[in-house]
Amino acid sequence: MTQLLAVEGLSKTYTTQGRVTRAVRNVSFSLAQGETLGLAGPSGCGKSSLARLVMRLMEPDAGDIHFQGQNWLALSGRTLRHARRHMQMVFQDTHAAFNPRSTVATVIDEPLRIHHIIPTGDRPAEIARLLERVGLPGDFASRPVLELSGGQRQRVAIARALSTRPALLVMDEAVSALDVSVRAQVLELLVSIQKQTGLACLFVSHDIAVIRAVCHRVAIMEAGSMVEYGETQRTLSAPQSETAQCLIAATQTLRNHREPDHVQP
Ligand SMILES: Nc1ncnc2c1ncn2[C@@H]1O[C@H](COP(=O)(O)OP(=O)(O)O)[C@@H](O)[C@H]1O
Ligand SMILES: [Mg+2]
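Draft legend 1. Region of the structure containing the packing of helix α4 (residues 104–114) against helix α6 (residues 150–162). Closest axis-to-axis distance for the α4/α6 pair is 8 Å, and the angle between their directions is 25°. Comparing the axis directions of α4 and α6 gives the class roughly parallel. Handedness of the crossing formed by α4 with α6: right-handed. In this structure, α4 uses V104, V107, I108, E110 and P111 to contact α6, whose residues at the interface are V156, A159 and R160.

Draft legend 2. Spatial organisation of the site of ligand 1. Taken together, Y14, T16, T21, A23, P42, S43, G44, C45, G46, K47, S48 and S49 are the residues near ligand 1. Residue G46 places a main-chain N or O atom 3.1 Å away from an oxygen atom belonging to ligand 1. Within the contact set of ligand 1, an oxygen atom lies 2.6 Å away from a side-chain nitrogen or oxygen of S49. Burial of ligand 1 by the surrounding chains reaches 66%, relative to a free accessible area of 560 Å². Listed by contribution, the elements that provide at least two residues to the shell around ligand 1 are β1 (3–16), β2 (19–32) and α1 (47–54). If you tally residues by element for the shell around ligand 1, the top one is α1, at three residues. Here the residues of the shell around ligand 1 are counted per class, giving four nonpolar, seven polar and one charged.

The rules we used
Residues numbered from 1 in each chain as written. Chains lettered and ligands numbered in written order. Predicted model: local features only at pLDDT ≥ 70, side-chain atom pairs only at ≥ 80, totals over all residues. Heavy atoms only, no water. Axes fitted to C-alpha atoms, helices over the stretch in contact; angles between N-to-C directions. Helix = DSSP H or I, 4+ residues; strand = E, 2+ residues; numbered from the N terminus. Parallel < 35°, antiparallel > 145°, perpendicular 65-115°, else oblique. Left-handed = near helix turned anticlockwise from the far one by under 90°. Contact = heavy atoms within 4.5 Å. Near = heavy atom within 4 Å. Polar contact = N/O pair within 3.5 Å; in protein donor to acceptor, adjacent residues only side chain to side chain. Areas by Shrake-Rupley, 256 points an atom, 1.4 Å probe, with all protein chains shown as cover. Nonpolar A, V, L, I, M, F, W, Y, C, P; charged D, E, K, R; others polar.

Set out below in structure tokens:
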């Protein structure tokens, strides 16, 4: 497998009003083309901070990132703006990310325009194609984003992210707010897009069951450090850290709790 992303010794400390938080501590991992790496861990362990460092939405205090064979942290200005199309992110709260007055078309058109992905005249057809790819009808383009359901909005967010034809998609709790059946549909969609396009994914979730379903490998964080890292089934069947053991136990308890729903009459 071709290596796409290599992160080495990444660290980030926040200092706000005299309070020091070591959000990411000496974290290393890699991601191959077409691979999904799950990033799990309890709330506040540093998952979003790590995702934002990889996206270069903020700069690390230390560490290296190589992406597509380039020193990602050395890129700046125009070169960085151009390169950004290859790495896209989907957040949990797309409600806040989209301008409520926008239509679906304007939301998806924006990155197409900014990154000059295709000629202006071809953009409406491309928007329809992207909507179809995420399982929405082409005439959704004229809908105001305000009228969409949570699942529809996440599909639009994915279509927008895919519009620049990225090599890496970072999903930060992007399915966490969806109800179980909609979540399953969006996850299926992600897996099928990956099969077609070789897209790699850094999949951030606090939910081990979701990670188990879609990730080839998993990394688990605790207080900024990575405490587990390996092939998903192997890592989750023999977790070494207490954090991982607790997360796994919590999903199992939930599953047992839900059992009666699944019992056939
Ligand atoms: N912008 C920020 N300023 C100060 N502290 C922050 C900021 N963002 C996150 N933190 C702190 O850093 C730690 C990691 O947060 P975060 O990366 O959001 O974790 P997670 O996504 O795993 O819940 C937490 O203690 C959080 O309170
Ligand atoms: Mg987070």
